[in-house]
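A structural walkthrough
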Amino acid sequence: MTCKEVFVKVDEILLNSPKPSIEIKKLIDEGEFDEKPFIKIKKLQDVEQNLVHHPEGNVLNHTLMVVDKASEYKEKSKNKRVFMWSALLHDLGKLTTTRVRKGKITAYGHDLQGEILARKFLNQVTDDEKFINEVCILVKYHMQTLFYDKKLPFFREKEIVNESDYEEISLLSLADRLGRGSLCQEKVKKEEKRINDFKSFFADKYK
């Protein structure tokens, strides 16, 4: 298949499959992700993560889990197609930002790099600028719930209000936070509370 044919196939999987990871992994195993730009997704299997936060292992494992979790939530999204593609591409930035610092694997700034890489990726398979922009904006802001919760200086309140939709960011972030291995109920509730606090902040302030 050409890259645009793979895009159409993956698009269909993301929109219609209850567990997209199975069919996407099959395409990867069959070599359909060996060419640009899909090779970027395949290469995520070579990027390791901090096992404290990601017991599922490499970034591809995490991405496929996030896509499956996003599939459970996609009916809540205002744009299922944008939402599902943002889930698939949300961690592309880890390809260029992952480092070992003081014995720990980190990927600082992967959200911002992810926006750049996701835009390059999508520009190779579609001319739909509106779709590309909406996906990339969600990739850019998918870490904002964590930044808000931890009161980090990277929280971008005004930019979120002007450029994006806090509810869509919240939904993607929930899929991201829950799309990982070995989460007990206590951790699930903690992540859900973090997302709800983020949503409440914007809902109360920007009624």
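These remarks concern the structure in this document. (Residues numbered from 1 in each chain as written. Predicted model: local features only at pLDDT ≥ 70, side-chain atom pairs only at ≥ 80, totals over all residues. Heavy atoms only, no water.)

Moving on, we get to the packing of helix H1 (residues 3-16) against helix H2 (residues 20-29). When two helices pack together, their arrangement is captured by the angle between the axes and the distance separating the axes. At a closest axis distance of 9 Å, the pairing of H1 and H2 adopts a crossing angle of 160°. For the element pair H1 / H2, the angle class is roughly antiparallel. Crossing handedness for the pair H1 and H2: right-handed. In contact with Lys9, Val10, Ile13 and Leu14 of H1, H2 contributes Pro20, Glu23, Ile24 and Leu27. Along the lines of polarity and charge, the residues of the contact of H1 with H2 split into six nonpolar, no polar and two charged. (Axes fitted to C-alpha atoms, helices over the stretch in contact; angles between N-to-C directions. Helix = DSSP H or I, 4+ residues; strand = E, 2+ residues; numbered from the N terminus. Parallel < 35°, antiparallel > 145°, perpendicular 65-115°, else oblique. Left-handed = near helix turned anticlockwise from the far one by under 90°. Contact = heavy atoms within 4.5 Å. Nonpolar A, V, L, I, M, F, W, Y, C, P; charged D, E, K, R; others polar.)

The rolling of a water-molecule-sized probe over the atoms marks out the regions of remaining empty space. If you add up the space inside the largest pocket, you get close to 1200 Å³. Lining the largest pocket are 45 residues, with His53, Tyr108, Met143, Leu146 and Arg177 sitting closest to its centre. The set of elements that each furnish at least two residues to the lining of the largest pocket consists of helix H4 (59-73), strand S2 (104-106), helix H7 (110-123), helix H8 (129-141), helix H9 (144-149), helix H11 (166-178) and helix H12 (185-205). When residues of the lining of the largest pocket are assigned to their parent elements, the largest contribution, four residues, is made by H12. Broken down by class, the residue content of the lining of the largest pocket amounts to 15 nonpolar, 13 polar and 17 charged. (1 Å grid on protein atoms, 1.4 Å probe; cavity = no way out; pocket = protein on both sides within 12 Å on 5 of 7 lines; lining within 4 Å. Points joined across faces, edges and corners; volume = space filled by probe spheres on them.)

The next subject is H4. Taking 1.5 Å per residue, 15 residues should reach 21 Å; H4 reaches 21 Å between its end C-alpha atoms and fits that length. Of all 15 residues making up H4, 12 are buried, and the element is well covered by its neighbours. Listing the buried residues of H4 in full gives Val59, Leu60, His62, Thr63, Leu64, Val66, Val67, Asp68, Lys69, Ala70, Ser71 and Tyr73. The inward-facing, buried residues of H4 abut H1, H2, helix H3 (39-42), helix H5 (80-89), helix H6 (94-97) and H11. (Expected span 1.5 Å × (residues − 1). Buried < 20%, exposed > 50% of the residue type's maximum accessible area, 1.4 Å probe, protein only.)

These values are about where atoms sit, not about what they do.
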